[in-house]
Amino acid sequence: MNISDPSLPNLNIEQLQKPSFNEIQAVQRDHPPRILLLYGSNRERSYSRLAVLEAGRILQYLGAEVKIFHPKGLPLPEDAENDHPKVAELHELLRWSEGSVWCSPERHGAMSSILKSQIDWIPLANGAIRATQGKTLALMQVSGGSQSFNSVNQMRILGRWMRMITIPNQSSIPKAFLEFDEDGRMKPSAYYNRIVDVMEELFKFTLLTRGQSDYFTDRYSERCESAEQLSKRVNQRSL
């Protein structure tokens, strides 16, 4: 039965839940925040990988548990089954994680196909419930030329579509070949400071929202749809 309010005749009152302060409180967990880092290049000296390694060190210092997925050997989407070792590894890391960092080089004004392939392998676990839903996300890119935000802008669209809590701050490193020393460590600079800012913000958002994924991504429209489907099943059985 659709119970309505006279002032809101199109609203199903039964399915609209008024959020309360107590319900949105952070959930204390015994383990450190779990952050998965993805990068978008298989080159021997991959600057997106070096940037991710630097980000991982910062996150570990802040108190996170960090894991990095290395995409070399990952097949193209639909060119293998889900039990392929690299695909299975990625899926397991996604289930483990509470937040992510994506870092892509900019290629032809866009994110790399290697990073996009990793995202395309992320499954729709239960209908519209994505493996990333309600988890935090930070975005970074590296460029061979002048500073650009094409890759992070594309990834931000993907993060939003995948119902991730994509933090406001982001990092873009221009002329990345000048920003890392021979040992692969990032040099002191404003670009390094920005990565610290982004990881600090990601860690804070993850602390604030982990354990609340189901609540934050619970939607009125989907509750109404589920209620309608349940009503149809009940009515069919009664007939």
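Residues numbered from 1 in each chain as written. Predicted model: local features only at pLDDT ≥ 70, side-chain atom pairs only at ≥ 80, totals over all residues. Heavy atoms only, no water.

Enquirer: Pulling in residues and values, what's your account of the overall build of the chain?
Expert: Across its full length, the chain carries 7 helices and 8 strands. The 239 residues of the chain split such that 44% are buried. Across the chain, every contact between residues at least 6 apart in sequence was considered, and the portion connecting residues at least 24 apart equals 75%. Entry remark: accessible area of the chain is about 13600 Å², with carbon and sulfur atoms responsible for 51%. (Helix = DSSP H or I, 4+ residues; strand = E, 2+ residues; numbered from the N terminus. Buried < 20%, exposed > 50% of the residue type's maximum accessible area, 1.4 Å probe, protein only. Contact = heavy atoms within 4.5 Å. Areas by Shrake-Rupley, 256 points an atom, 1.4 Å probe, with all protein chains shown as cover.)

Enquirer: Explain the packing of helix α1 (residues 47–62) against helix α5 (residues 190–209) to me, and be specific about the residues and the numbers.
Expert: Closest axis-to-axis distance for the α1/α5 pair is 9 Å, and the angle between their directions is 50°. Classified by the interaxial angle, the pair formed by α1 and α5 is oblique. Considering the relative orientation of α1 and α5, their crossing is right-handed. Across the interface between the two elements, E54, A55, I58, L59 and L62 of α1 pack against Y192, I195, V196, M199, E200, L202 and F203 of α5. (Axes fitted to C-alpha atoms, helices over the stretch in contact; angles between N-to-C directions. Parallel < 35°, antiparallel > 145°, perpendicular 65-115°, else oblique. Left-handed = near helix turned anticlockwise from the far one by under 90°.)

Enquirer: I'd love a proper account of the pattern of salt bridges, names of residues and values included.
Expert: One side chain can pair with another of opposite charge once the charged atoms of both are near each other. According to the stated counting rule, one finds 8 salt bridges in the structure shown. Among the salt bridges present, the one from R57 reaches E54, with a minimum N-O distance of 3.2 Å. Taken as a pair, R57 and E54 lie in helix α1 at a separation of 3 residues, close to a single helical turn. Overall, R57 belongs to the partly exposed group, its relative accessible area being 34%. The partner of E89 in a salt bridge is K86, and the shortest N-O contact between them spans 3.2 Å. On the criterion of helical spacing, the pair formed by E89 and K86 is a turn pair, its members being 3 residues apart in helix α2 (residues 85–96). By relative accessible area, which is 16% here, K86 ends up buried. Linked through salt bridges whose partners overlap, the residues forming this network are R29, E98 and R210. (Salt bridge = Lys/Arg side-chain N within 4 Å of Asp/Glu carboxyl O.)

Enquirer: Explain the layout of surface pockets residue by residue, including any values.
Expert: The computed volume of the largest pocket comes to approximately 380 Å³. R95, S97, A131, K135 and S213 are, among the 22 residues lining the largest pocket, the residues nearest its centre. For the lining of the largest pocket, the secondary structure elements donating two or more residues are α2 and α6 (213–216). Per element, the largest residue contribution to the lining of the largest pocket is 4 residues, and it comes from α2. Here the residues of the lining of the largest pocket sort into 5 nonpolar, 9 polar and 8 charged. Estimated volume of the second largest pocket: approximately 190 Å³. (1 Å grid on protein atoms, 1.4 Å probe; cavity = no way out; pocket = protein on both sides within 12 Å on 5 of 7 lines; lining within 4 Å. Points joined across faces, edges and corners; volume = space filled by probe spheres on them. Nonpolar A, V, L, I, M, F, W, Y, C, P; charged D, E, K, R; others polar.)

Enquirer: So, a nonpolar patch on the surface: which residues are in play, and what are the values?
Expert: There is a patch of nonpolar side chains on the surface, built from F21, I24 and F216 and spanning about 310 Å² of accessible area. As for its position among the elements, I24 is in the segment before β1 (34–39). Looking at I24, the relative accessible area reads 36%, which means it is partly exposed. (Patch = residues over 30% accessible without salt bridge, like charges linked within 9 Å, V, L, I, M, F, W, Y side chains within 5 Å.)

Enquirer: I'd like a rundown of the nonpolar core, residues and numbers included.
Expert: L37, L59, V101, M140, I195, M199 and L202 are the most contacted members of the largest nonpolar core, which has 26 residues in total. Of all the secondary structure elements, the ones that give two or more residues to this core are β1, α1, β3 (99–107), β7 (136–142), β8 (165–173) and α5. When residues of this core are assigned to their parent elements, the largest contribution, 6 residues, is made by α1. Apart from the residues lying within four places of it in its own chain, the contact partners of L37 are V52, A55, G56, L59, V66, K67, I68, F69 and V101. Counting residues in each nonpolar core, the second largest holds 23 residues, with L90, I122, V152 and M162 among its members. (Core = buried A, V, L, I, M, F, W, Y, C linked by side-chain atoms within 4.5 Å.)

Enquirer: Tell me about the pairing of β3, and please be specific about residues and values.
Expert: With respect to burial, β3 is a largely interior element, 7 of its 9 residues being buried. Strand direction decides the pairing type here: β1 and β3, joined by 5 bridges, are parallel. Its bridge partner being in β3, Y39 is matched across the sheet by C103. Of the strand pairs in this sheet, β3 and β7 are connected by 7 bridges, and their pairing is parallel. In the sheet register, W102 faces β7, and the bridge partner there is L139. Sheet topology note: the β3/strand β4 (residues 110–111) ladder contains 2 bridges and is antiparallel. Counterpart to E106 in the pairing with β4 is M111. (Pairing = 2+ DSSP bridges.)

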